[in-house]
Amino acid sequence: MTAPYVKTTTENQIQTIEFFHPAHNSLPGDILAQLAQAITDAGNDDATKVIILKSGGERTFCAGASFKELIAVNDAKTGEIFFSGFANVINAMRKCPKFILGRVQGKTVGGGVGIASATDYCFATKFASIKLSELNIGIGPFVVGPAVERKLGLTGMSQIAINANEFYTPQWAKDNGLFAEVYESTEEMDAGIKAFAENLCTYNPDAMAEMKKMFWSGCEDWDQLLFERAKISGRLVLSEFTKETLKRFR
């Protein structure tokens, strides 16, 4: 079995950041930390003009939080620290001065929807259904909520957060603003991303950095907001309801 990883590759001023976990690309704390650092480093790299964020594997982009780590949380501080991992990744993406292109090849759940939402331009395949499943286990999409709401609006975010059992189609995600392009196959998507990224590299990086600031204006309080939200999730994950629900996943 392939071990979890975060790896970066650079070609023609395009830096690709890839994460992987054998449990459907779920994200434990150490992978979240590596991912946040990789995004920050790419943003600070003068040789990089555009970033592509992707995951390994074929049919799952990201299954969200690591259930193994959630089950192990026994106090509020540990829970807060775990959920802060998603806050760190989203804030790194927000502050990164380079455009981040998302590559969503398959289903994405919970925190994975938040990460896809924090990209600046997101590509997907027809297999890339989305679900905000947090309510199912007794918590909620508190940390990722602001990123999802920024893309889908409050109505769209509320809909998928409340209807926590249902996968929403890639076409729904495109119609509601999360995905910019939806392709029939991964191969077609990758060709589209490559051409798009190469074209972005011909633009003025200073102009793109200023545009990114403009697109993310109004989110400056996320340094505080997302960590306050992490405290809520950290508290709720200790609830009797959530502990009983998580036993099913042991």
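What counts, and where the lines are drawn
- Residues numbered from 1 in each chain as written.
- Predicted model: local features only at pLDDT ≥ 70, side-chain atom pairs only at ≥ 80, totals over all residues.
- Heavy atoms only, no water.
- Helix = DSSP H or I, 4+ residues; strand = E, 2+ residues; numbered from the N terminus.
- Rg over C-alpha atoms; globule rule 2.2 N^0.38 Å.
- Contact = heavy atoms within 4.5 Å.
- Areas by Shrake-Rupley, 256 points an atom, 1.4 Å probe, with all protein chains shown as cover.
- Lys, Arg positive; Asp, Glu negative; His and termini not counted.
- Charge placed at Lys NZ, Arg CZ, Asp CG, Glu CD.
- Expected span 1.5 Å × (residues − 1).
- Buried < 20%, exposed > 50% of the residue type's maximum accessible area, 1.4 Å probe, protein only.
- Arc of directions from axis to C-beta.
- Pairing = 2+ DSSP bridges.
- Axes fitted to C-alpha atoms, helices over the stretch in contact; angles between N-to-C directions.
- Core = buried A, V, L, I, M, F, W, Y, C linked by side-chain atoms within 4.5 Å.
- Polar contact = N/O pair within 3.5 Å; in protein donor to acceptor, adjacent residues only side chain to side chain.
- Patch = residues over 30% accessible without salt bridge, like charges linked within 9 Å, V, L, I, M, F, W, Y side chains within 5 Å.
- Salt bridge = Lys/Arg side-chain N within 4 Å of Asp/Glu carboxyl O.

Peer 1: Hey, could you run me through the overall build of the protein chain in this one?
Peer 2: When its secondary structure is counted, the protein chain shows 10 helices and 9 strands. Here the protein chain has a C-alpha radius of gyration of 17 Å; the compact-globule value for 250 residues is 18 Å, and the two agree. Dimensions along the principal axes, computed over C-alpha positions, put the protein chain at roughly 55 × 40 × 35 Å. Across the protein chain, the fraction of contacts at a sequence separation of at least 24, relative to all contacts at a separation of at least 6, is 75%. Working note: accessible area of the protein chain is about 11300 Å², and carbon and sulfur atoms make up 53% of it. Each charge class in the protein chain was averaged separately, 26 positive and 29 negative side chains, and the resulting centres sit 4 Å apart.

Peer 1: Could you clarify how one ought to interpret helix α1 (residues 29–44) in this entry?
Peer 2: Counting along an α-helix, one turn takes 3.6 residues, and residues three or four places apart therefore face a common direction. For α1, spanning 16 residues, the distance from its first C-alpha to its last is 23 Å, which sits close to the expected 22 Å at 1.5 Å a residue. All of the buried residues in α1 are I31, L32, L35, A36, A38, I39, A42 and G43. Projected down its long axis, α1 carries its buried residues within an arc of 160°, all on one side. Where α1 is buried, its residues contact β1 (5–11), β2 (14–20), β3 (50–55), α3 (76–95), β5 (99–104) and α4 (111–117).

Peer 1: Is there a simple way to explain the sheet that holds β2 in this structure?
Peer 2: Picture the strands of a sheet paired through backbone hydrogen bonds; they go either parallel or antiparallel. Ordered by their spatial adjacency, 6 strands build an open sheet running β1-β2-β3-β5-β7-β9, and the pairing between neighbours is mixed. Every other strand in the sheet has two partners, leaving β1 and β9 (181–183) as the edge strands with one partner each. Across the sheet, the mean angle separating the axes of adjacent strands is 20° when strand polarity is ignored. Contacts from helix α7 (residues 186–200) reach β2, β3, β5, β7 (121–125) and β9, with the element oriented near 175° to β5.

Peer 1: Is there a simple way to explain the sheet that holds strand β4 (residues 60–62) in this structure?
Peer 2: Strand order in the open sheet formed by 3 strands is β4-β6-β8, with parallel pairing between adjacent strands. A strand with exactly one partner marks an edge of an open sheet, and here the two such strands are β4 and β8 (130–131). Here strand β6 (residues 107–109) runs beside β8; their pairing, made up of 2 bridges, is parallel. Within β8, the position partnered with T108 by the bridge is I130.

Peer 1: Sorry if this is basic, but what is going on with the nonpolar core here?
Peer 2: Of all hydrophobic cores here, the largest spans 61 residues; its most connected members are I17, L35, I39, I115, I130 and F179. Looking at which element gives the most residues to this core, the answer is α3, with 8 residues. One finds V50, L101, F123 and M189 within the second-largest nonpolar core, a separate group that totals 13 residues.

Peer 1: Is there a simple way to explain α3 in this structure?
Peer 2: Over its 20 residues, α3 runs 28 Å from end to end, which matches the ideal 28 Å to within 8%, given 1.5 Å per residue. Burial runs high along α3: 14 of the 20 residues are buried. Two or three places before K77, at the opening of α3, D75 has a side-chain oxygen 3.2 Å from that residue's backbone nitrogen.

Peer 1: Explain a nonpolar patch on the surface to me, please; I cannot follow it from the model alone.
Peer 2: A contiguous nonpolar patch, built from M211, M214 and F215 and spanning about 300 Å² of accessible area, is present on the exposed surface. Among the structural elements, M214 can be located in helix α8 (residues 205–215). Judged by relative accessible area, M214 falls into the exposed class, the value being 52%.

Peer 1: Got a minute to help me understand the side chain of S26 in this structure?
Peer 2: Assignment of secondary structure puts S26 in the loop between β2 and α1. Excluding its chain neighbours within four sequence positions, the residues that come into contact with S26 are H21, A63, G64, A65 and S66.

Peer 1: Looking at this structure, I do not really get unusual backbone geometry. What am I missing?
Peer 2: A negative phi angle characterises most non-glycine residues, just as the trans form characterises most peptide bonds. The phi angle at Q13 is positive, at roughly 70°, despite the residue not being glycine. When you line up the elements, Q13 lands in the loop between β1 and β2. A relative accessible area of 36% places Q13 in the partly exposed class. Phi at H24 is positive, roughly 55°, even though this residue is not glycine. For H24, a relative accessible area of 56% puts it in the exposed group.

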